[in-house]
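A structural walkthrough
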Amino acid sequence: MNTPAKIGPPMWLLAEVTYRCPLHCVFCYNPVDFAKHEVELSTEDWLRVLREGRELGAVQCGFSGGEPLLRDDLETLIGEARQLGYYTNLITSGVGLTEARLDAFKAAGLDHIQLSFQDSTKEVNDFLTHTRTFDLKQKVGEMIRARGWPMVMNVVIHRLNIEHIGRIIEMADALGAEYLELANAQYYSWALLNRDQLMPSREQLRRAEAITDEWKAKLADRMRILFVVPDYHEGKPKKCMNGWGNIFLTVTPDGTALPCHTARMLPGLEFPNVRDSGLREIWHESEGFNHYRGTGWMKEPCQSCDDREKDYGGCRCQAFLLAGDPDAADPVCPKSPHHEIVSGALENAEIPARQAQPLIFRDPKESRRLTQEANSPSLTT
Amino acid sequence: MNGRPRLGHGFRFQWEPAQQCHVLLYPEGMIKLNQSGGEILARCDGQRDITAIVADLETAFSASGLRGDVEAFLAMAIEKRWLRLDTGANA
């Protein structure tokens, strides 16, 4: 196997502390069958994972979910992570965040909060009319800034809100954002189920980028804006996770350790659980982490491609979801024999009024229903 | 150029044993510093002004004439928002 001679330390430990969530986002990247994995690691398990991750060399620690605020022990975990020397990041919708809780996070040494907007169509009107969502974000934003944290915001962009990107940026500015990530939806899990409704047309995307550029210039002195282009439209495979098992280690609510937060879907790979193995062993020796390291696993057209070290063949989950083969080239690549799946989806997005199926909202009931149906692989088409 | 440099909003500076270097951490990212960058940033505590930082470095490394290099690094770091410069009378 042509795996890298030396495996460096992970930079990131992402602690997905729960799949529970008060929201029902149609683009959520949590597994579609999340309701099956109800067991959560105990506080002691997480504390051990944090220590082992730090010993392994991880410096960035993210707490996400689901909605991490639903864990009552979050301040304990943040406190331990900070103590260990991690830069601690809380990735939250802000739903349920109180002054008291924020004071506890501050005392625990939390370094940074990324506040996400999760407007789904249920809330799109509310969002556009600046009522409930705006009030909530404004309140939470003020509470965050009052405690001296940098204001970092993330908005998932898709067909249902892309026309309002200017207003989204304006709102972020009104909330005092120093950094705004406009992340185009990526089509995994729930977002893949809803791809037809979520994917913007080329023209929508082009306009959104142009509007974002105007705002970038206007707000250059106070806000950094990052516009993340979707890989479907760009026609270029992304260097997924900056390389498999290269800098990123995710631990899911039930303790499964993954090289990326969606990798659990990949067939034929065993991913270890932190209750059975230490993180060092998991990172360096497990089959799950070693399998797609380097380029030795590749097939054609990746194997002989000049860009194989640049993009590592794109995303393994996308290859599996679209081509049905996790070893295949990512179908967003024009060299992929399955590229017509991607170009077909793009063509479909050009049709203005499509007869689309109703949106599927992420909730436990839908999750159980879809898990039951999952024997049919029709989710991929 | 004068004033008292200190870390920018949201940045943290520390030694990383696994990297064997000083790093600057910020929301979701990390910058690995070379030795001189690390030595300069270690002294940017919002207390010392640039003159004091240069003097301190020159003593620590038995060198002289470091001001130009230090200022060039600080200008770059301020531009990247790693550092802020307090220049007020009470700063």
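Scroll up to find the structure.
Reading guide: rules and limits
Residues numbered from 1 in each chain as written. Chains lettered and ligands numbered in written order. Predicted model: local features only at pLDDT ≥ 70, side-chain atom pairs only at ≥ 80, totals over all residues. Heavy atoms only, no water. Helix = DSSP H or I, 4+ residues; strand = E, 2+ residues; numbered from the N terminus. Rg over C-alpha atoms; globule rule 2.2 N^0.38 Å. Buried < 20%, exposed > 50% of the residue type's maximum accessible area, 1.4 Å probe, protein only. Contact = heavy atoms within 4.5 Å. Lys, Arg positive; Asp, Glu negative; His and termini not counted. Charge placed at Lys NZ, Arg CZ, Asp CG, Glu CD. Arc of directions from axis to C-beta. Phe/Tyr/Trp six-rings, centres within 6.5 Å; stacked < 30°, edge-to-face > 60°. Lys NZ or Arg CZ within 6 Å of the ring centre and 35° of its normal. Axes fitted to C-alpha atoms, helices over the stretch in contact; angles between N-to-C directions. Parallel < 35°, antiparallel > 145°, perpendicular 65-115°, else oblique. Left-handed = near helix turned anticlockwise from the far one by under 90°. Nonpolar A, V, L, I, M, F, W, Y, C, P; charged D, E, K, R; others polar. Salt bridge = Lys/Arg side-chain N within 4 Å of Asp/Glu carboxyl O. Pairing = 2+ DSSP bridges.

1. Section: the overall build of chain A
The helix and strand inventory of chain A stands at 16 helices and 9 strands. In terms of overall size, chain A behaves like a compact globule, its C-alpha atoms giving a radius of gyration of 20 Å where 381 residues would be expected to give roughly 21 Å. Oriented by its inertia axes, the alpha-carbon framework of chain A measures out at about 55 × 50 × 45 Å. Per-residue burial over chain A gives 58% buried out of 381 residues. For chain A, the proportion of contacts with a sequence separation of at least 24, taken over those separated by at least 6, is 74%. If you average the places of the 43 positive and of the 54 negative side-chain charges in chain A, the two averages end up 2 Å apart.

2. Remarks on unusual backbone geometry
Going from Gly65 of chain A to Gly66 of chain A, the amide bond is cis rather than trans, its omega being 15 degrees. Residue position: Gly66 of chain A is located in the loop between strand S2 (60-64) and helix H2 (74-84). Cis peptide bonds are those with omega within 30 degrees of zero, and the linkage from Glu300 of chain A to Pro301 of chain A qualifies with 5 degrees. Within the fold, Pro301 of chain A resides in the loop between helix H12 (287-290) and helix H13 (308-311). Despite not being glycine, Ser189 of chain A has its phi angle at roughly 45 degrees, a positive value. Inspection of the secondary structure puts Ser189 of chain A in helix H7 (residues 189-193). For Ser189 of chain A, a relative accessible area of 8% translates into the label buried. You will see that Ser62 of chain B, though not glycine, has its phi angle at about 45 degrees, which is positive.

3. What to know about the side chain of Thr262 of chain A
All names here are of chain A. Structurally, the position occupied by Thr262 is in the loop between strand S9 (257-258) and helix H11 (279-285). By relative accessible area, Thr262 is classed as buried at 9%. Filtering out sequence-adjacent residues up to four positions away, Thr262 remains in contact with Tyr29, Tyr188, Ser189 and Cys317.

4. Regarding helix H3 (residues 99-108) of chain A
Residue and element names in this part refer to chain A. Among the residues making up H3, those that are buried are Arg101, Leu102, Phe105 and Ala108. Projected down its long axis, H3 carries its buried residues within an arc of 120 degrees, all on one side. Along H3, exposed side chains directed more than 90 degrees from the buried face belong to Ala100 and Ala107. Of the residues one or two after H3, Gly109 is the one with positive phi, at around 95 degrees.

5. Things to note about the packing of aromatic side chains
We describe a pair of aromatic rings using the distance from one ring centre to the other and the angle between the two ring planes. Residues and elements named next belong to chain A. A complete count under the given rule lists 10 aromatic pairs over all chains for this structure. Ring centres of Tyr19 and Phe34 lie 6.3 Å apart, and the angle between their planes is 65 degrees; this geometry places the pair in the edge-to-face category. Of this pair, Tyr19 sits in the loop between strand S1 (12-16) and helix H1 (43-56) while Phe34 sits in the loop between S1 and H1, and the two are 15 residues apart along the sequence. Judged by centre distance (5.0 Å) and plane angle (90 degrees), the ring pair of Tyr292 and Trp297 falls under edge-to-face. Judged on exposure class, the residue Tyr292 and its partner Trp297 are both buried. The lysine or arginine in question, Lys106, covers the ring of Trp149, its NZ or CZ lying 4.4 Å from the ring centre. Over the face of the ring belonging to Phe34 we find Arg362, whose NZ or CZ atom lies 4.0 Å from the ring centre.

6. Considerations on the packing of H1 of chain A against H2 of chain A
All names here are of chain A. Where H1 contacts H2, the axes come no closer than 10 Å and their chain directions differ by 20 degrees. When the interaxial angle is binned, H1 and H2 end up roughly parallel. For the pair H1 and H2, the crossing hand works out as right-handed. Residue-level inspection shows Thr43, Trp46, Leu47, Leu50, Arg51 and Arg54 of H1 in contact with H2, the latter providing Thr76, Leu77, Glu80, Ala81 and Leu84. Partitioned by chemical class, the residues of the contact of H1 with H2 number 6 nonpolar, 2 polar and 3 charged.

7. Considering the environment of Phe361 of chain A
Mapped onto the elements, Phe361 of chain A comes out in the loop between helix H15 (339-349) and helix H16 (364-373). With 338 residues separating them along the chain, Phe361 of chain A and Leu23 of chain A place their C-alpha atoms 9.0 Å apart.

8. Side note on the pattern of salt bridges
Counted under the stated rule, the structure contains 33 salt bridges over all chains. Across the salt bridge formed by Arg51 of chain A and Glu80 of chain A, the nearest N and O atoms sit 3.5 Å from each other. Of this pair, Arg51 of chain A sits in helix H1 while Glu80 of chain A sits in helix H2, and the two are 29 residues apart along the sequence. In the salt-bridge network here, residues are joined through shared partners; they are Glu39, Arg43, Asp45, Arg48 and Asp56 of chain B.

9. Side note on the sheet that holds strand S6 (residues 179-184) of chain A
Residues and elements named next belong to chain A. With mixed pairing, 9 strands are arranged side by side in an open sheet as S7-S6-S5-S4-S3-S2-S1-S8-S9. Each of the sheet's edge strands pairs with one partner strand only, and the pair in question is strand S7 (224-228) and S9. Pairing of strand S8 (residues 248-251) with S9 involves 2 bridges; the strand directions are antiparallel. Within S9, the residue paired with Thr250 across the bridge is Leu258. Along the sheet face, helix H6 (residues 165-174) touches strand S4 (112-117), strand S5 (151-157), S6 and S7 and points at about 155 degrees away from the line of S6.

10. Observations concerning the packing of H6 of chain A against helix H9 (residues 202-218) of chain A
All names here are of chain A. Between H6 and H9, the least distance of the axes is 9 Å, while the angle of their chain directions is 30 degrees. With respect to H9, the element H6 is oriented roughly parallel. Classified by chirality, the crossing of H9 by H6 is right-handed. For the pair H6 and H9, the contacting residues are Ile165, Gly166, Ile169 and Glu170 in the first and Ala208, Ile211, Thr212 and Trp215 in the second.

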